[in-house]
Amino acid sequence: NGSSHSGWGAGSSVVGLDDGSFSSSVAQGDGLWLVAFYAPWCGHCRALEPEFKRAAAQLEGTGFRLGAVDATIAKGVAAEHGVESYPTLKFF
């Protein structure tokens, strides 16, 4: 994706989402989702990341999935869901 930040999904149970994968994974997919819209430079986001990854690991296999969107890259899906500050958590 051209970002120097590997994203929250790297090496974890968090599903990394972007403008291309959000609709098919979350909006049209099965199960319940909690999605974090974050910015790599955001201090509160960096504090949330390890807890979010821990929760995703604990919920693995339950049908409840945690996803993360780098809103500085996936600007389309962030705008579509009214994301104006970081982190923003939305339930789908």
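Residues numbered from 1 in each chain as written. Predicted model: local features only at pLDDT ≥ 70, side-chain atom pairs only at ≥ 80, totals over all residues. Heavy atoms only, no water.

A. Inspection of helix α2 (residues 43-59) at higher detail. Between the first and last C-alpha of α2 there are 25 Å, a value that for 17 residues agrees with the 24 Å anticipated at 1.5 Å per step. Along α2, the sharpest change in direction is near 35° and occurs at Glu-49; proline Pro-50 comes one to four residues later. Where α2 is concerned, the buried positions are Cys-45, Glu-49, Phe-52 and Ala-56. At its buried positions, α2 is contacted by β2 (32-38), β3 (64-70) and β4 (88-91). The first or second residue beyond α2 is Gly-61, which carries a positive phi of 85°. (Helix = DSSP H or I, 4+ residues; strand = E, 2+ residues; numbered from the N terminus. Expected span 1.5 Å × (residues − 1). Bend = angle between axes of the 7 residues up to and from the residue. Buried < 20%, exposed > 50% of the residue type's maximum accessible area, 1.4 Å probe, protein only. Contact = heavy atoms within 4.5 Å.)

B. Broad picture of the sheet that holds strand β1 (residues 15-17). Spatial strand order, β1-β3-β2-β4: 4 strands in an open sheet with mixed pairing. The sheet is open, and its two borders are formed by β1 and β4, each paired with just one other strand. Within the sheet, the average angular offset between the axes of one strand and its neighbour, ignoring direction, is 25°. Both β2 and β3 contribute to a ladder of 7 bridges, which runs parallel. Note on β3: the bridge partner recorded for Ala-36 is Ala-68. Against the sheet, α2 touches β2, β3 and β4, its axis set at about 150° to β3. (Pairing = 2+ DSSP bridges. Axes fitted to C-alpha atoms, helices over the stretch in contact; angles between N-to-C directions.)

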